[in-house]
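# Coordinates in review
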Protein chains: 6
Amino acid sequence: MSTRYTVVADPLPHIPWEDRPPGSREVVWRYSGNPIVTRDHAKGANSIFNSAVVPFKEGFAGVFRVDDTARRMDLRRGFSEDGIHWEIDDKPIRFTPEHRDLPQSEFKYDPRVVRLGSRYYITWCNGYHGPGIGLGYTDDFETFVQMESPFMPYNRNGVLFPRKIGDNYALLHRPSDAGHTAFGDIFYSESPDLKYWGRHRHVMGPRGVESLWQHTKIGAGPAPIETSEGWLLLYHGVLTSCNGFVYSMGAALLDLDEPWKVRYRSAHYLLSPRAYYECVGDVPNVVFPCAVLCDGETGRLAVYYGGADTVVALAFAYVDELIEFIKATDLGA
Amino acid sequence: MSTRYTVVADPLPHIPWEDRPPGSREVVWRYSGNPIVTRDHAKGANSIFNSAVVPFKEGFAGVFRVDDTARRMDLRRGFSEDGIHWEIDDKPIRFTPEHRDLPQSEFKYDPRVVRLGSRYYITWCNGYHGPGIGLGYTDDFETFVQMESPFMPYNRNGVLFPRKIGDNYALLHRPSDAGHTAFGDIFYSESPDLKYWGRHRHVMGPRGVESLWQHTKIGAGPAPIETSEGWLLLYHGVLTSCNGFVYSMGAALLDLDEPWKVRYRSAHYLLSPRAYYECVGDVPNVVFPCAVLCDGETGRLAVYYGGADTVVALAFAYVDELIEFIKATDLGA
Amino acid sequence: MSTRYTVVADPLPHIPWEDRPPGSREVVWRYSGNPIVTRDHAKGANSIFNSAVVPFKEGFAGVFRVDDTARRMDLRRGFSEDGIHWEIDDKPIRFTPEHRDLPQSEFKYDPRVVRLGSRYYITWCNGYHGPGIGLGYTDDFETFVQMESPFMPYNRNGVLFPRKIGDNYALLHRPSDAGHTAFGDIFYSESPDLKYWGRHRHVMGPRGVESLWQHTKIGAGPAPIETSEGWLLLYHGVLTSCNGFVYSMGAALLDLDEPWKVRYRSAHYLLSPRAYYECVGDVPNVVFPCAVLCDGETGRLAVYYGGADTVVALAFAYVDELIEFIKATDLGA
Amino acid sequence: MSTRYTVVADPLPHIPWEDRPPGSREVVWRYSGNPIVTRDHAKGANSIFNSAVVPFKEGFAGVFRVDDTARRMDLRRGFSEDGIHWEIDDKPIRFTPEHRDLPQSEFKYDPRVVRLGSRYYITWCNGYHGPGIGLGYTDDFETFVQMESPFMPYNRNGVLFPRKIGDNYALLHRPSDAGHTAFGDIFYSESPDLKYWGRHRHVMGPRGVESLWQHTKIGAGPAPIETSEGWLLLYHGVLTSCNGFVYSMGAALLDLDEPWKVRYRSAHYLLSPRAYYECVGDVPNVVFPCAVLCDGETGRLAVYYGGADTVVALAFAYVDELIEFIKATDLGA
Amino acid sequence: MSTRYTVVADPLPHIPWEDRPPGSREVVWRYSGNPIVTRDHAKGANSIFNSAVVPFKEGFAGVFRVDDTARRMDLRRGFSEDGIHWEIDDKPIRFTPEHRDLPQSEFKYDPRVVRLGSRYYITWCNGYHGPGIGLGYTDDFETFVQMESPFMPYNRNGVLFPRKIGDNYALLHRPSDAGHTAFGDIFYSESPDLKYWGRHRHVMGPRGVESLWQHTKIGAGPAPIETSEGWLLLYHGVLTSCNGFVYSMGAALLDLDEPWKVRYRSAHYLLSPRAYYECVGDVPNVVFPCAVLCDGETGRLAVYYGGADTVVALAFAYVDELIEFIKATDLGA
Amino acid sequence: MSTRYTVVADPLPHIPWEDRPPGSREVVWRYSGNPIVTRDHAKGANSIFNSAVVPFKEGFAGVFRVDDTARRMDLRRGFSEDGIHWEIDDKPIRFTPEHRDLPQSEFKYDPRVVRLGSRYYITWCNGYHGPGIGLGYTDDFETFVQMESPFMPYNRNGVLFPRKIGDNYALLHRPSDAGHTAFGDIFYSESPDLKYWGRHRHVMGPRGVESLWQHTKIGAGPAPIETSEGWLLLYHGVLTSCNGFVYSMGAALLDLDEPWKVRYRSAHYLLSPRAYYECVGDVPNVVFPCAVLCDGETGRLAVYYGGADTVVALAFAYVDELIEFIKATDLGA
């Protein structure tokens, strides 16, 4: 398949992949072997979900959210040859603090990983007097370093761009409150040095009856993918039913140079809880994307998402189709 | 089977039907082929549920609640030969406003349909500065007309009686608030012309520990059925567990001439979420009846109800048994 | 003083009046003898407030909200020669039901009175399975008749127009919920006969940071006054501080023929709690207008309002200045 | 298997039992035939769960929570030969009041049963102007006597110790409020006569991020088991997700002489909702232990617990392993 | 003045007293010198309110709630010759624990004092893992002893009867929750030894629209006074306005032998916030009675109550008039 | 009076001042002419409060929070010769954006002003998709420049230190949520350039029953004052009564080099609502300090604070006494 739009990504011929089922008209379709990581896939785990993977050496590496049976939330490392079958560590990643007086991390969850140059940056929801954005890196998936946190609490869903915007690093994030936040917009911030942050801009917020799946709050999913049409952002949106939150996945295209400007945004979701492993689990009715692999040659995408805050699942799409879907169902900013 | 009580309804020999399973003592039993309409039964649908059907020509017509994948709530038309297999339109019904300055409808959901004479009246939850009762009609299921709304917001679950009470049209409804209302009684109102409404009367409210399934709120289901014992009303009741609302179905008998007077009301529910398609879906634990077909000759009933705010299901009963059940488990008004 | 704009109102030369204090630039100014009715002005009263007065015979008559020391909410009659010194009955008004089966009224509060022809119509918040609009009349302030309620619960702040709009009676009101409602818009409805109501239209809702005093909810105050610039509506708006609701008074001009269309609406309040009797009492920080007298010859207005849900106070204004104020501070609809 | 620690319990060679599945490392494992009692196992039942069983004669007797289809909550008696297959009565247990002026019980749920001498004491959540602790006994599972309630509302999860502490009867319980309580600690109280209660002591409360499964509230499960290491207490803990409460089971060891002193307490849960019958039902995601059988000879345990507030399930463990688990994962008091 | 009804109380000729103001029809009237104790009357005090006094030696002794400027809540001792001018200690009362292992008291507030024989018993709201009832005594107002708490949390407003009922001590109290409880009924419990408590009975709860001042919750005030018509109980009731709680004082007569049976209960309040020191302060709109002195010879009463959670005030009444008021405005139980 | 401790501040001999009233033991005492700025002191004002002043030229300049009668929140400039009598502008300050694409400010409130070198920096609560920290400066109180906001929403009470800490600018602030936040800790952040911010540290949070006046949330008041004992920080703390928030003022000493480390913190408040203008107004019971003047020679302090969110008031203290008070009532960090 040739790509109509340019996508800035390396070839990834061994991307995990399964063709769209015959008869399906879905732009994003589920992997038939879902869930690929079950709740007891790692030792002492209560659940494994909302996790991030990247190509690494000949295969893939990942940072997994693993809640143990004390329900402590932490990150673990994993490796895979094919992106589907994973070996996950028995213990949480031990981050070395960048300098001596870096504050303690009370918990870690919902990681994203992105490569800038030869370094893999990790962002997560970090516990320090409430939930905030944690930031760290690894060069080799052997040693991990924790840096200063970009912001104060209360914040979640921090995601770095895969390259600088102008001279600065750039981050999407979602300011929140101290609990199960019932509101939430995506904001954008910059930093010259990954230590001091500023130039904060609002990107987009929830919507009304014209797009109810994103009515309560929204948050960035995987790191944006650079395309000729703008930054392709997969994100989650939340609807509040009388029985709680429902998390779905949609997509938007952000301006390449000023990514806080939304070019297109889909009114329709791309993936919403339907499968058993998305509807039943520790938190029913959750589809929560945290990572995407992209084959720059074909525009094939493999999306990793958490199901019901319990397991890791996989879905597939083409960049071209996603872009056309977003434009065709555009809500406006 | 002969009917002990008189029911005022035309014969409907081709009513969808399946006998009670051997060994079952249930007064209302589920169709073995449930759900009859799945969430992706119509194009672009996220879910299809809480829908209304009536006999029409040789078969059946229906007005379906179809939420699309933007989670926009709207109504679509469907036809069926047997009441079980349905063809549903690709697009929402387009209602023609009765006159020029009728307000816009921001959304529509949870329809009921009832025939008065040769006209099919449709009521629904209508979006106009909050949820209210929408009212319209069709004579042929080809063109649909939207009339003035009977009330202001905030109201839901409006259901017309299938004939005038005295000289007036009569409507059951449930005043509510602007959100996931945590209270709700059934009221009765009248109109000489379906345009101006008055003579509002309270019918019945939630109950206490003697009937907890209807402890939080109640709302009328299908249009009442006229019987020698009074108007047979199927309705939903809601219990609030620590994990949200649970919707069940019960029944009452209302006075024929003064339908705001409750003659009997069942302490026990008739149907409560048990099946997978009632317990798992966009809103777990919902049984929500919106329509009933009645074979006047045999007293057989086919009840259409929404499951988990996701699918349409079917259940069966006999009028005689229902009436006896209501009397036997009578709570008092 | 001559009036720049036409006001449709009888001369009322004996309107209670006090000139604007020297040096004041206020468009609405308080009476120096406030409060004119104190909480123990009537026998057994806990508080007297949110009350309605009209010219009657040589003087004035009024319907007063009097909560007794059981905190039962009811209406009492009062008479005054000068509109300032009032004799209030020892007992609540006894309304005769218009017909035998009219539902009981569990409580009554916040009356408005308006004359149409020779009849004085009274609306109030009526207790019938929750708060709704009560409707009644008197021809002589001796006998009072209660009619069918225009709507179902939950509704408050119902106010009739002083003449028909087209062929119909017209009513402003504010749908609400069952408690201390945290939302609320003004709606408009019509009736051919004061019995059946329809043609419901949204008039206006709360506003954002550009006019925070009306951010939580709004509700009509006295009956609108007809002027050449439209119906002059005084209304209350509510702001939610961290310590509760604050009630202020503002004004709008509604279209004469289609009163659900707002021609102008003031961004600024006209009166907000400042005086001791507005800030301290059973409900701190409440200014709640329920009645206005108008001298058609001079455009002088005397506004009666409740202070702190405890007492009745009086303020003054000129129609001309009010209209100019509304236009000068117009928010748009 | 020999027991490393002493357990004070009679031999119970016919305890229901199934060995740990091969490959499992679980300290507590589920019975493969779960659920052992389904929701429609008894006549008129909506659900059967949170129930208590004891050895009785040659087999077992039980007091079951059976909610009927009016969702009335009450207790029923059951008998079983093997502890797995149960005969449950058609009607609720009728308790004889101990004396004439004992208050009425509006509802009963969540029973625990414990033998002291030859008498079986039953505690439950009793409805008397709100939820409180009910207390009664039977000598023969034929006649049942209701005694004075130990405390006023609002209280739940009352569990007697199987012998006196010093000279007094002793009870664990969890003070609460009138609704779906969002807080809750375990307390201890004593009585010389099961009529008057005092010497109230705090035992333990919820925990923070180091043990989130017990973050919202905790409550005693079955009656404590006496061991050489202290009283072995199984208890439930609750986590509040964005979609409601999740109930899991953990364990602690309490001081033998001063049982309000916690010797060890596990940071990790032992059982948390995973199976379909624990995740899907009237209240999703509930594991709620109410009874445990113990074979004093081998230290084998059979734990009865409610699944999803809908069914009764069974799990197995060894006393020795439980004690070691608690010590190994000790949180401190 | 002679007393129509018998009151069981010693003569107290030096009771603080001021005649009813001329023209007043109030059954309870305020002291003209109110407040008698201001917020800075004692060293380091933020506020002094909700306090209890008794006749002692030639004059009076009192236990005062004094919140210091850290807003720590504790009790202090005071003496007065005339019951109006008070000397209050600089430091909190130090209670000696009755025995070694009595739990710590985290805070103390809202005391009541009652004499049984020669001993003065004190009850208060005691901090021990939440608010509960504290119990202690003094024989001489020099040394104070803290006993076992009658109940577990969560409870407030515990008040002992001034003599045994049958063979047992008797206590009124109000079960609550852990915060600003929005519900609350008065219950009754007994104890043979002031250590173990049981025989819990419901006394009375809040009321509806017929008596709104006691709509949210109620709680016992001073110790009941024995009269020929029953126990005369002054109590507080709470109404929830849109701006918070309003505390008023009412009265009831309880059966002498079975005090959980209400003989009469006033629909009307006796005292409600009106004076500046009741409406403005740390908690606006609070009248909270904690003590009453009674002259057995004349039936004169002096009621001590807290104003606005800030100061102590005094009001007067006659037993005869109170009893007649209660009967005349009887609500029924 | 000589100062025992060194304070780093210029002499300010013309500081507004009034000696402590005879007999008073207060560490902070109110000005007898309070309030110094009333609600209608400036044109079109609803209220003037929570405002910041600094020495400027021969007298004083200030940035005032002025809410107008639309309740729009904005900042205005004022000048005074004596710090007590103020001339306040008729219109809000117009800030020039530092660069073209700086986001709009939807509202501004609660300013603080601090001089660094010859520049006056202003921080405030800025409206940009919710409340955040606004930052700007003026050199001459004629032209004002708005800079990039330091953080994203949701944040309030941002206060700059009056000199760099190490090489960086330093800011105290209080992350919050989008409404009337019910939680809140003080945090510390640094910036090399006032544009990009990082090195976020927690300073201190609310406290429990040992210091209830600061139980709900706390926030920095005026810019810290440098002393030999550390940074002297005045801050507000909030208690939640059953009738809302109560704002008081306390103080702490922060480490000079690592200001996120609390050296001492007072358990007792210094000022709490008592005066009429603090208890009655738009928000009852608020004392909210925003500015302090310091005479470096004598250690005299003049504290400007808002009363009841309505007026500006003044209080006085000595640095020495404040430091001793903090140490004497130290809570620990």
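Residues numbered from 1 in each chain as written. Chains lettered and ligands numbered in written order. Predicted model: local features only at pLDDT ≥ 70, side-chain atom pairs only at ≥ 80, totals over all residues. Heavy atoms only, no water.

The name given to chain A in an unreviewed UniProt entry is Glycosidase related protein, with the source organism recorded as Winmispira thermophila.

Scanning chain A from N- to C-terminus turns up two helices and 22 strands. For chain A, the C-alpha radius of gyration of 18 Å lies close to 20 Å, the compact-globule estimate for 333 residues. Each principal axis of the C-alpha atoms in chain A carries an extent, and together these give about 55 × 45 × 40 Å. Relative to its full complement of 333 residues, chain A shows a buried share of 70%. Pairs at least 24 residues apart make up 54% of the contacts formed inside chain A by residues separated by at least 6 positions. By element, 48% of the accessible surface of chain A is carried by carbon and sulfur atoms, the whole surface being about 10600 Å². When the 34 basic and 42 acidic side-chain charges of chain A are each reduced to a single mean position, those positions are 4 Å apart. (Helix = DSSP H or I, 4+ residues; strand = E, 2+ residues; numbered from the N terminus. Rg over C-alpha atoms; globule rule 2.2 N^0.38 Å. Buried < 20%, exposed > 50% of the residue type's maximum accessible area, 1.4 Å probe, protein only. Contact = heavy atoms within 4.5 Å. Areas by Shrake-Rupley, 256 points an atom, 1.4 Å probe, with all protein chains shown as cover. Lys, Arg positive; Asp, Glu negative; His and termini not counted. Charge placed at Lys NZ, Arg CZ, Asp CG, Glu CD.)

Glancing now at the sheet that holds strand β9 (residues 131-138) of chain B. All names here are of chain B. The strand order across the open sheet built from five strands is β6-β10-β9-β8-β7, with neighbouring strands paired in mixed fashion. Pairing within the sheet leaves two strands with one partner each, and these edge strands are β6 (95-97) and β7 (108-116). Put simply, the sheet's adjacent strands are angled 30 degrees from each other on average, direction ignored. Strand direction decides the pairing type here: β9 and strand β10 (residues 144-146), joined by three bridges, are antiparallel. Residue pairing in the sheet places G136 in a bridge with Q146 of β10. (Pairing = 2+ DSSP bridges. Axes fitted to C-alpha atoms, helices over the stretch in contact; angles between N-to-C directions.)

Take the side chain of S189 of chain E next. Tracing the chain through its elements places S189 of chain E in strand β13 (residues 186-191). Within the local environment of S189 of chain E, its side chain forms a polar contact with the side chain of H173 of chain E, the two groups lying 2.8 Å apart. (Polar contact = N/O pair within 3.5 Å; in protein donor to acceptor, adjacent residues only side chain to side chain.)

In this structure the tally under the stated criterion is 153 aromatic pairs over all chains. Both rings, one in F95 of chain A and one in F144 of chain A, keep their centres 5.7 Å apart while their planes meet at 70 degrees; by these two values the pair is edge-to-face. Of this pair, F95 of chain A sits in strand β6 (residues 95-97) while F144 of chain A sits in strand β10 (residues 144-146), and the two are 49 residues apart along the sequence. Neither F95 of chain A nor F144 of chain A differs from the other in exposure class; each is buried. An angle of 25 degrees between the planes, with centres 6.1 Å apart, marks the rings of F56 of chain F and F79 of chain F as stacked. Placement of F56 of chain F in strand β2 (residues 45-56) and of F79 of chain F in strand β4 (residues 73-80) is noted, with a sequence separation of 23 residues between them. (Phe/Tyr/Trp six-rings, centres within 6.5 Å; stacked < 30°, edge-to-face > 60°.)

This brings us to the nonpolar core. Residues and elements named next belong to chain D. Membership of the largest hydrophobic core comes to 39 residues, with the highest contact counts inside it found for I36, I48, F64, W86, F141 and Y304. Residue assignment for this core shows that the elements contributing at least two residues are β2 (45-56), β3 (59-68), β8 (119-127), β20 (287-295), β21 (300-307) and β22 (311-318). Residue contributions to this core peak at six residues, all from β2. (Core = buried A, V, L, I, M, F, W, Y, C linked by side-chain atoms within 4.5 Å.)

Before going further, it helps to examine the relation of the copies chain F and chain A. In the superposition of chain F on chain A (RMSD 0.0 Å, axial shift 0.1 Å), the rotation amounts to 180 degrees. The two molecules are tied by a two-fold rotation axis, judged by turn and shift. Comparing contact sets, 100% of the residues at the interface of chain F also lie at the interface in chain A, consistent with an isologous, same-surface contact. (Least-squares fit on C-alpha atoms with pLDDT ≥ 70 in both.)

Buried accessible area, meaning the area lost when the parts come together, often serves as the stated size of an interface. Opposite the 35 residues of chain F that make contact, chain A presents 35 residues. If you sort the residues of chain F by the area they bury against chain A, M152, Y196 and H200 of chain F come out on top, with a joint share of 24%. Between the two partners, chain F and chain A, sit six salt bridges. Applying the counting criterion to the chain F and chain A interface returns 13 residue pairs in polar contact (both at pLDDT 80 or more). (Buried area = accessible area lost by both parts, 1.4 Å probe. Salt bridge = Lys/Arg side-chain N within 4 Å of Asp/Glu carboxyl O.)

This paragraph deals with the interface of chain D and chain E. Across the boundary between the two partners, chain D contributes 35 residues, which contact 35 residues of chain E. Both faces considered, chain D and chain E share a buried interface measuring about 2700 Å² in area, 59% of it formed by carbon and sulfur atoms. Together, M152, Y196 and H200 of chain D form the three largest contributors to the area buried by chain D at its contact with chain E, with a combined 24%. Our count for the contact surface shared by chain D and chain E stands at six salt bridges. For R201 of chain E, the salt bridge goes to D101 of chain D, with nearest N and O atoms at 3.6 Å. Across the contact surface, chain D and chain E share 17 residue pairs in polar contact (both at pLDDT 80 or more). Here the element with the most residues in the side of chain D that touches chain E is strand β14 (residues 196-204) of chain D; it accounts for seven residues.

If you rotate chain D by 180 degrees and push it 0.0 Å along the axis, it lands on chain E with an RMSD of 0.0 Å. Counting the interface residues of chain D, we find that 100% of their copies in chain E are interface residues as well, pointing to one common contact surface.

For the rest of this paragraph, the subject is the arrangement of the chains. The least C-alpha distance between chain A and chain C, which are not in contact, is 17 Å. One finds no contact linking chain C with chain D; the least C-alpha distance across the pair is 19 Å.

This part is about the side chain of S176 of chain F. Mapped onto the elements of the fold, S176 of chain F is located in the loop between β12 (169-175) and β13 (186-191). With residues up to four places along the chain from it excluded, the contact list for S176 of chain F reads Y154 and S176 of chain A together with Y154, N155, R156, T181 and F183 of chain F.

All names here are of chain F. Strands sit in the order β2-β3-β4-β5 across an open sheet of four strands; the sheet is antiparallel. The two strands at the open ends of the sheet, each matched to only one other strand, are β2 and β5 (87-88). As judged from the eight bridges shared by strand β3 (residues 59-68) and β4, these two strands associate in the antiparallel manner. In the strand pairing of β4, F60 is matched with S80.

Quick look at the pairing of β13 of chain E now. All names here are of chain E. Taken across its six residues, β13 has six buried, putting it largely inside the fold. With five bridges joining them, strand β12 (residues 169-175) and β13 adopt antiparallel strand pairing. Paired with A170 across the strands is E190, a residue of β13. Sheet topology note: the β13/strand β14 (residues 197-204) ladder contains four bridges and is antiparallel. Of the residues in β14, the one forming a bridge with I186 is M204. With antiparallel pairing between neighbouring strands as the criterion, β13 and β14 make up a hairpin whose turn holds five residues, including L194 at a positive phi of roughly 60 degrees.

Once that is clear, we can look at the environment of V37 of chain A. Its location among the elements puts V37 of chain A in the loop between β1 (29-30) and β2 (45-56). Distance in space between the C-alpha atoms of V37 of chain A and G306 of chain A is 9.5 Å, their sequence separation being 269 residues.

Going through the model one piece at a time under the given rule, you end up with 132 salt bridges over all chains. For the salt bridge of D139 of chain C with R119 of chain C, the shortest nitrogen-to-oxygen distance reads 2.8 Å. Of the two residues, D139 of chain C sits in the loop between β9 (131-138) and β10 (144-146) while R119 of chain C sits in strand β8 (residues 119-127), which places them 20 residues apart along the sequence. Residue class for D139 of chain C comes out partly exposed when judged on its relative accessible area of 39%. If you follow the salt bridges from partner to partner, you end up with D101 and E148 of chain A together with E190, R199 and R201 of chain F in one network.

Our focus in this paragraph is unusual backbone geometry. The general pattern is negative phi for most residues beyond glycine and trans for most peptide bonds. Here P153 of chain D and Y154 of chain D are connected by a cis peptide whose omega angle stands at 10 degrees. Topologically, Y154 of chain D is positioned in the loop between β10 (144-146) and β11 (155-160). The backbone phi angle of F141 of chain A is positive, close to 60 degrees, even though this residue is not glycine. If you trace the backbone, F141 of chain A turns up in the loop between β9 (131-138) and β10. Residue classification places F141 of chain A among the buried residues on the basis of a relative accessible area of 1%. Non-glycine residue H129 of chain E carries a positive phi angle of around 55 degrees. Within the secondary structure, H129 of chain E sits in the loop between β8 (119-127) and β9 (131-138).

Confidence in the prediction of chain A, expressed as mean pLDDT, is 97, and 99% of residues score 70 or more. The complex prediction reports pTM at 0.96, with the ipTM value standing at 0.95. (pLDDT = per-residue confidence, 0-100.)

Let us look at the state of the cysteines. Inspection of every chain in the model, using the stated rule, returns zero disulfides over all chains. Counting only cysteine sulfurs, C125 of chain B is the nearest neighbor of C242 of chain A, a cysteine outside any disulfide, at a range of 13 Å. (Disulfide = S-S within 2.5 Å.)

Okay, a nonpolar patch on the surface next. The grouping of Y276 of chain A, Y276 of chain B together with Y276 of chain D at the surface amounts to a nonpolar patch, some 280 Å² of accessible area in total. Here Y276 of chain D shows up in helix α1 (residues 276-279). A residue is classified by how much of its surface remains accessible, and Y276 of chain D, at 37% relative accessible area, is partly exposed. (Patch = residues over 30% accessible without salt bridge, like charges linked within 9 Å, V, L, I, M, F, W, Y side chains within 5 Å.)

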